[in-house]
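Residues per chain are reported as follows:
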2 protein chains.
Amino acid sequence: MGDLVRETLTMSREGDEEAQPLLENRRFGSNTTSQVAIVGSNICPIESLDYELIENDFFKQDWRSRDKIHIIEYIFMKWILCFLLGVLTALVGFFNNIAVENVAGMKFVITSNMMLEHRYAMAFGVFTACNFALILFSTIITTFLAPAAAGSGIPEVKAYLNGVDAPGILSKRTLFVKIIGSITAVSSSLHVGKAGPMVHTGACIAALLGQGGSKKYGLTWRWLRFFKNDRDRHDLVTCGSAAGIAAAFRAPVGGVLFALEEMASWWRSTLLWKAFFTTAVVALVLRALFDICISGKCGLFGKGGLIMFDVTSENVTYQLSDVPSVLVLGVIGGVLGSFYNSLLQKVLRVYKLINEKGHAYRILLACSISILTSCCLFLLPWFASSCPTIGRSGNYKKFQCPTGHYNELASVFFNTNDDAIRNLFSKNTDDEFHHVSILLFFVTCYFLGIFSYGVVVPSGLFVPVIVAGAGYGRFVGMLMKSHSNLNHGLFAVLGSASLLGGSMRMTVSLCVILLELTNNLLLLPLMMLVLLVSKTVADIFNGNIYDIIMKLKGFPYLEAHAEPYMRQLSVSDVVTGPLQVLNGIEKVSNIVHVLKTTGHHGFPVIDEPLVSDSLLLYGLILRNHLIVLLKKKAFLPTPIPTDIDATRQFSADDFAKRGSGNSEKIEDIELTEEDMEMFVDLHPFANASPHTVIETMSLAKALILFREVGLRHLLVVPKGASRSPIVGILTRHDFMPEHILGLHPNLAKSRWKRLRLHSHSLFKKIKASQANLTAYV
Amino acid sequence: MGDLVRETLTMSREGDEEAQPLLENRRFGSNTTSQVAIVGSNICPIESLDYELIENDFFKQDWRSRDKIHIIEYIFMKWILCFLLGVLTALVGFFNNIAVENVAGMKFVITSNMMLEHRYAMAFGVFTACNFALILFSTIITTFLAPAAAGSGIPEVKAYLNGVDAPGILSKRTLFVKIIGSITAVSSSLHVGKAGPMVHTGACIAALLGQGGSKKYGLTWRWLRFFKNDRDRHDLVTCGSAAGIAAAFRAPVGGVLFALEEMASWWRSTLLWKAFFTTAVVALVLRALFDICISGKCGLFGKGGLIMFDVTSENVTYQLSDVPSVLVLGVIGGVLGSFYNSLLQKVLRVYKLINEKGHAYRILLACSISILTSCCLFLLPWFASSCPTIGRSGNYKKFQCPTGHYNELASVFFNTNDDAIRNLFSKNTDDEFHHVSILLFFVTCYFLGIFSYGVVVPSGLFVPVIVAGAGYGRFVGMLMKSHSNLNHGLFAVLGSASLLGGSMRMTVSLCVILLELTNNLLLLPLMMLVLLVSKTVADIFNGNIYDIIMKLKGFPYLEAHAEPYMRQLSVSDVVTGPLQVLNGIEKVSNIVHVLKTTGHHGFPVIDEPLVSDSLLLYGLILRNHLIVLLKKKAFLPTPIPTDIDATRQFSADDFAKRGSGNSEKIEDIELTEEDMEMFVDLHPFANASPHTVIETMSLAKALILFREVGLRHLLVVPKGASRSPIVGILTRHDFMPEHILGLHPNLAKSRWKRLRLHSHSLFKKIKASQANLTAYV
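It should be emphasised that the depicted structure is a prediction, and the values quoted were computed from it without experimental measurement.

A short note on the UniProt feature "domain: CBS" (unreviewed entry) in chain A
Working step 1: The feature "domain: CBS" (unreviewed entry), as given by UniProt, occupies residues 686-746 of chain A in the numbering adopted here.
Working step 2: Secondary structure content for residues 686-746 of chain A is 33% helix and 16% strand, and the end C-alpha separation is 39 Å.

Here's what the structure looks like:
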């Protein structure tokens, strides 16, 4: 029994190519889409996540045996984990802020004191050296300890939430390096933000909480066992990214919306509630912690950190006459934002070439950028700024100016980014800056932001864009002086919104984040207007910055919409072989052979009925589960099913999905000659409810199904009776444009194509050089 | 050709019950789940909506022939429609507010003047008579012109967005009655809100804009033709409900979140952007309109309406010590909110029995409630209130008190709800009210709100709950005086939040709506806390108020989660027969017979290959499309396919989905004897990409698929080769608990059941009496 199946279906192994009427128009070259991506700064193999419920007999048995108390345990633990996630993320966010304010503050205090003593060269030297040392430390720990911690982390987390897993992306080590590296990088006056790293940090904390304890550290708790699956981890990581934004900007509602709009690929209403709960915890904990700081126990922190730029004006009054100037701001902001994205894309390509030459080059690049930044921040105020008289109030920097005067550029440059934003957003400062200074500030920030991002340190994009946008907004406000009643602080806020909208293309979430950040609800209609205009304008030119970075990194991200050419194809046009199937009761040697010779993660299980000659589809079995079966040696001497209850032999924990990178390999399992001749009954362990499509299904609709339901494998079944009940399997990689257009090159020229594929070309080359990495589907 | 198919598959008609190996374990009683629901105040037949793309050959041909200009037209029109929707909804919202403030204001001015002249009995008489006349008018137009306009409309729109259509729910007449009826009902001092009706109004405007013009009124425009499908209408109606909340509360972001959290069953990121755009337009238009009113051109309107209760305190300071009192507020609010829901449910059942006795009873009920309300509002301040001295500032009502004194109850009772809320939310009024007055106010509002909702007038639930909650919050604030630093105005805001959270169970959206309403972002952490607590507490007792009403009304709403017992079943356990299939080339008489004898809306199309004896599944054809084919008489003389290009015979417009209730019936088509002997080639018009599941698929997973992808029909295919390529069809009604538990009564007792079904029992009886209504699947 069973050999017939294999003969007819797994022809590539047996070499038997006749008797295949059904598969004859199928392509037998396997999908060559690359299964590696750049995670942080290194190239790593990637794997798909499985958000489907595995409904096999074993699971159902196990599930039936659970009583009410287990369900209460599960629900209780879910909320406890969200609570812990909120508390921990808030603590990390608070620690980050205090650390940055103290480290960077100390640096500025020392150099400012030297300036007061007119030891200018010395001050420049100390400033540059401090920055250099900080960035060196940050680059070294990132490069050597956790390359996955480089960059903002948002693209990686977004890909994770879409179903792409990469080892190390959410590990303890990454978490540690992300926190320390981000603090040092931001303190070094590099033009990078801490919001992106906070999102990654929140996601890491969530993944660590959700991994169901750790046997290594003895942290095993019975109540945690239900969380060892991708589904619950996905929910927690979504909440974690919401908590990250909530902690970074003290914007709890904004955090939820950010997770919803930008990060999540699947969203359920219960998730909304959980994310809301998590960010509420973050807000309450932060509030309590800041109460401590008000009494002055946090060193140089004061009331500071990138938290609440209070721009409340008693009455924000604006008339319809202000709308045109806001429209102009939005349009130019959209153009600048999309230009930011395309410039960043180009810079990242060049940096990639440098970074991959070796560790030394990475460190060298980081150090050069640090020196460049130090020079800009110190020398521009020195040379390019006049010394106006100090006015009524405000946060002025004397710098090299005589007493009673201040250096207008230094008060924004020679400061932490948070303080610069606070200065630019504040009202009643319309006369504090000159045209030229603000323009210079904007241009410098704009380009420093672009050149700083690709460096191998944890680095966010939010703050650099907000700073540059604030400068841009103030500049436009100055030009519009006669046409508008808005003060320049409000123009700065709207300028930040327009540049963010042009670069990140979010709407509701950016709007709420900015409102929570500036604590001014009356700005809402103008904020909405400027975001809509800048996003619309920018969308003409290119895509969302995170999507661009994600594509550059090569993540097989499943889009929510189908490309037009996919409507012209049916699923059978993209299915590739060889299809490997297993019998309901399969010989051990065959299983081992299949597992060793293919990289697939799911195998259809086929039954041969006693009476008919046609086969029946029983379900789908996963590689992980097969390995567990082989390891536990749950073998039968003959291919005849027995009554042995699977729940007695196995516990649900055996089949629990491990954390990424921890799964066992077939090569590690030792089997004797005797074992190899035995049989395994796969029925209790195969998912008897696989999702299927018929072979004539339009590819576009199959993609929507795949994406909406969150699948890893989609079985293609024939449209009528045929020898085989299954035609092929679709995975994430079969929906990738590269694969489809590789099979059907004529579509690439068709007018229905709307993808920009050129962004892939360079990275494809890199990936080709790594093609010997084990392929994971 | 073809008769074999019919014989083997449509046995109920042919009476041939042998040769059915595949269907033998299938139940042949058709699904008896009721296909009527209470829409507004009348029982109507309901129909499912189809959010799937119909990918048939004809559609693909038509789609290929569209060039870029058509796509630009489509995108442009989508945004124009959203823009128009925003402008119109804002205008209606503004008009509503002005009308209510002027009508109700006039009433209060007249009665107050009489009170000043000490003509108290006269004042009471005029007050009661005005209210009586207004409610009479509102009930009469609702009962006789558009019964679908009764109630809040949110449950109906929510069901529509879930895929349940009812004739008249989004029609012009409903829109008109909803606007006028809501204004008169609210002006009559009845304890009903205008937010729910605004949501329904927004949805109506959206549906009318999205119906693709009107031939009757000559409003046909080529550019509108792409919108004649359920998918685009769904998007517009979602934006419409967001615009409704945005216009009612001047809360644009809250509106988007309300649509996302409460209304929508499917959500895409492009929808988020469109909803955001629509509400931004609403906000800008409202802002511009209110600028006109500031100069006093809006009569008694002033700066009023339920728009912005500005509770900004310079510094909302609260310490951790305030948290316990807020927790108490949340817990009791949750209990009160869930009690509100269950009481409302009971009252609605009783009212239902009264209302269905006839029009006269409906009007009588409304009038009695009006008199009761008038008595409460006038006599309670008269008898139960003392006359304290007028303090520093505030909005005091003299009522019957001597000069220099005020009646504390009258200043909240003898006022529009909006002004009452404003009085209760305002700060520095801690000494204005006494314990007993506020408690009396809360209890009266709480019960008046419950007894006013079921009356046959357009009536919202938001404002009554906010008013009652404000009273409740103030009362708790008074009790907590010594334990908290918060002023009573803030307690009132938090009390409203807790009662809303306990009744409506939203989180993020309520939070943002209340923040936008009160314009105070610093309250955010406390607001989140109180909402989380009250929702959690209330969820223990019962469900969301809108879900309760929707269930009472009998809408077949598809839940986002599967019930636990669904995991125990496979799809083949709930599929019911008889299955009607059609041949690829089918005889006209057979089509007519099938259409006349069944109420199904989709039929599988089966092909018989020339060589084999097994059948092939070609696709699914819709009833509407069959009727179009019959009407256009696109017949073939013989069952042999020809080369005639379908796109020449038909235009896409022929197959466009009409507005609800407008679809043509098979009985209206006249066919000659000759016609009946002809054939139709169904291939170009059948959807060749139907969604399928295998027969062993778990019912729970099939439900998730059905719901996530937004299907109307789901085909069940066999798990291996068999005579027939299709086992059955699942529709929305096959997933309803009543149907499943009817087939498998033993599951109802199983411990896996978690539904509360008792709420259906009464309405089932009502529906049973209407069972002779035509059944629509």
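A word on helix H16 (residues 435-453) of chain A
Working step 1: Here H16 of chain A spans 27 Å end to end across 19 residues, near enough to the 27 Å set by a 1.5 Å rise per residue.
Working step 2: Burial in H16 of chain A covers these residues: Ser437, Ile438, Phe441, Phe442, Thr444, Cys445, Tyr446, Leu448, Gly449, Ile450, Ser452 and Tyr453 of chain A.

As for the sheet that holds strand E5 (residues 582-583) of chain B
Residues and elements named next belong to chain B.
Working step 1: An order of E5-E7-E8 is seen for the three strands of this open sheet, with the pairing classed as mixed. Looking at which strands have only one partner, the edges of the open sheet turn out to be E5 and strand E8 (616-622).
Working step 2: Sheet analysis places strand E7 (residues 602-607) next to E8, joined by six bridges and oriented antiparallel. Bridge pairing links aspartate 607 to leucine 616 in E8.
Working step 3: In the packing of helix H23 (residues 623-632) onto the sheet, contacts are made with E5, E7 and E8, and the angle to E8 comes to roughly 80°.

Re the pattern of salt bridges
Working step 1: Per the counting criterion, the structure on display carries 26 salt bridges over all chains.
Working step 2: Between aspartate 419 of chain B and arginine 422 of chain B there is a salt bridge, and its shortest N-O distance comes to 2.7 Å. Of this pair, aspartate 419 of chain B and arginine 422 of chain B both sit in helix H15 (residues 417-425), separated by three residues, roughly a single helical turn.
Working step 3: With a relative accessible area of 18%, aspartate 419 of chain B lands in the buried category.
Working step 4: What you see here is one network of salt bridges that share partners, running through Lys158, Glu262 and Asp547 of chain A.

What about the sheet that holds strand E11 (residues 714-717) of chain A?
In a beta sheet, neighbouring strands pair by backbone hydrogen bonds and run either parallel or antiparallel.
All names here are of chain A.
Working step 1: As summarised here, the arrangement of the three strands in space is E10-E11-E12, forming an open sheet in which the pairing is mixed. A single partner strand is all that each edge strand has here, and the edge strands are strand E10 (692-694) and strand E12 (728-730). On average, each strand axis in the sheet is tilted by 35° relative to the strand beside it, whichever way the strands run.
Working step 2: Two strands pair when backbone bridges link them, and E10 and E11 are joined in this way by three bridges, in the parallel orientation. Counted as the bridge partner of threonine 692 is leucine 715 from E11.

Points about the side chain of aspartate 50 of chain B
Residues and elements named next belong to chain B.
Working step 1: Tracing the sequence through the fold places aspartate 50 in the loop between strand E3 (47-48) and helix H3 (57-65).
Working step 2: Buried charge aspartate 50 goes without a salt bridge, the closest partner of opposite sign being arginine 712 at 5.0 Å.
Working step 3: In contact with aspartate 50, other than residues within four places in its own chain, are Asp230, Leu622 and Arg712.

Details of the pairing of E7 of chain B
Residues and elements named next belong to chain B.
Working step 1: Most of E7 is tucked away: six of the six residues are buried.
Working step 2: Residues Gly602, Pro604 and Ile606 line one face of E7 and the alternating positions Phe603, Val605 and Asp607 line the opposite face, and both faces are buried.
Working step 3: Judged from the two bridges that link them, E5 and E7 form a sheet pairing that is parallel. Within the sheet, the bridge partner assigned to leucine 582 lies in E7 and is valine 605.

Considering the environment of threonine 389 of chain B
All names here are of chain B.
Working step 1: Among the structural elements, threonine 389 can be located in the loop between helix H13 (359-384) and helix H14 (410-413).
Working step 2: Counting along the chain gives twelve residues from threonine 389 to cysteine 401, while the straight-line C-alpha distance between them is 9.6 Å.
Working step 3: Ignoring anything within four residues of it in the chain, the contact list for threonine 389 reads Gly404, His405 and Tyr406.

Considerations on the side chain of glutamate 408 of chain A
All names here are of chain A.
Working step 1: With respect to the helices, strands and loops of the structure, glutamate 408 is situated in the loop between helix H13 (359-384) and helix H14 (410-413).
Working step 2: Buried within the structure, glutamate 408 lacks any salt-bridge partner; arginine 474 is the closest side chain of opposite charge, at an N-O distance of 8.9 Å.
Working step 3: Within polar-contact distance, the side chain of glutamate 408 engages the backbone nitrogen of histidine 434 at 2.9 Å.
Working step 4: A distance of 2.7 Å separates a polar atom in the side chain of glutamate 408 from a polar atom in the side chain of serine 437.

Remarks on the packing of helix H12 (residues 323-355) of chain B against helix H17 (residues 462-479) of chain B
All names here are of chain B.
Working step 1: In contact at an axis separation of 11 Å, H12 and H17 are set at 145° when each is read in the N-to-C sense. Crossing of H12 against H17: the hand is right-handed. In contact with Val328, Leu329, Ile332, Gly333, Leu336 and Tyr340 of H12, H17 contributes Pro464, Val465, Tyr472, Gly473 and Val476.
Working step 2: When its residues are assigned to classes, the contact of H12 with H17 shows nine nonpolar, two polar and no charged.

Quick notes on the interface of chain A and chain B
Working step 1: Taken together, the contact pairs 75 residues of chain A with 75 residues of chain B.
Working step 2: Summing both sides of the interface, chain A and chain B together bury roughly 7,100 Å²; the carbon and sulfur share of this comes to 69%.
Working step 3: At the boundary of chain A and chain B, one finds zero salt bridges.
Working step 4: Within the residue set of the side of chain A that touches chain B, elements represented by two or more residues are helix H3 (57-64), helix H10 (252-263), helix H11 (269-294), helix H19 (508-518), helix H20 (524-541), strand E8 (616-622), E10 and helix H26 (699-709) of chain A.
Working step 5: Per-element tally for the side of chain A that touches chain B: the top contributor is H11 of chain A, with ten residues.
Working step 6: Along the lines of polarity and charge, the residues of the side of chain A that touches chain B split into 43 nonpolar, 15 polar and 17 charged.

Brief notes about the nonpolar core
Working step 1: Counting 341 residues, the largest nonpolar core has Phe462 and Met527 of chain A together with Phe462 and Met527 of chain B as the members making the most contacts within it.
Working step 2: Counting residues per element, this core draws most heavily on helix H4 (residues 68-116) of chain B, which supplies 15 residues.
Working step 3: What phenylalanine 462 of chain B contacts, discounting residues up to four positions off in sequence, is Ala195, Ile245, Phe249, Phe258, Leu500, Met504, Met506, Leu510 and Tyr546 of chain B.
Working step 4: Counting 54 residues, the second-largest nonpolar core is a separate cluster that includes Val571 and Ile740 of chain A together with Tyr565 and Ala702 of chain B.

Topic: the relation of the copies chain A and chain B
Working step 1: Each copy of the sequence occupies a distinct position, and chain A is placed on chain B by a rotation of 180° and an axial shift of 0.1 Å, giving an RMSD of 0.0 Å. One copy is carried onto the other by what is essentially a two-fold rotation axis. Relative to the rotation axis, the closest C-alpha in chain A is found at alanine 721 of chain A, a distance of 2.1 Å.
Working step 2: Most of the interface of chain A is mirrored in chain B, where 100% of its interface residues again form contacts.

Overview of the state of the cysteines
Working step 1: Summed over all chains, the structure comprises zero disulfides over all chains.
Working step 2: Between cysteine 367 of chain A, a free cysteine, and cysteine 375 of chain A, which holds the nearest cysteine sulfur, the sulfur-to-sulfur gap is 13 Å.
Working step 3: Cysteine 44 of chain B carries a free sulfur, and the closest cysteine sulfur to it, the one in cysteine 204 of chain B, is 14 Å from it.
Working step 4: The class for cysteine 44 of chain B is buried, based on a relative accessible area of 16%.

The rules we used
- Residues numbered from 1 in each chain as written.
- Chains lettered and ligands numbered in written order.
- Predicted model: local features only at pLDDT ≥ 70, side-chain atom pairs only at ≥ 80, totals over all residues.
- Heavy atoms only, no water.
- UniProt positions renumbered as here; feature names shortened; annotations may be inferred.
- Helix = DSSP H or I, 4+ residues; strand = E, 2+ residues; numbered from the N terminus.
- Expected span 1.5 Å × (residues − 1).
- Buried < 20%, exposed > 50% of the residue type's maximum accessible area, 1.4 Å probe, protein only.
- Pairing = 2+ DSSP bridges.
- Contact = heavy atoms within 4.5 Å.
- Axes fitted to C-alpha atoms, helices over the stretch in contact; angles between N-to-C directions.
- Salt bridge = Lys/Arg side-chain N within 4 Å of Asp/Glu carboxyl O.
- Lys, Arg positive; Asp, Glu negative; His and termini not counted.
- Polar contact = N/O pair within 3.5 Å; in protein donor to acceptor, adjacent residues only side chain to side chain.
- Left-handed = near helix turned anticlockwise from the far one by under 90°.
- Nonpolar A, V, L, I, M, F, W, Y, C, P; charged D, E, K, R; others polar.
- Buried area = accessible area lost by both parts, 1.4 Å probe.
- Core = buried A, V, L, I, M, F, W, Y, C linked by side-chain atoms within 4.5 Å.
- Least-squares fit on C-alpha atoms with pLDDT ≥ 70 in both.
- Disulfide = S-S within 2.5 Å.

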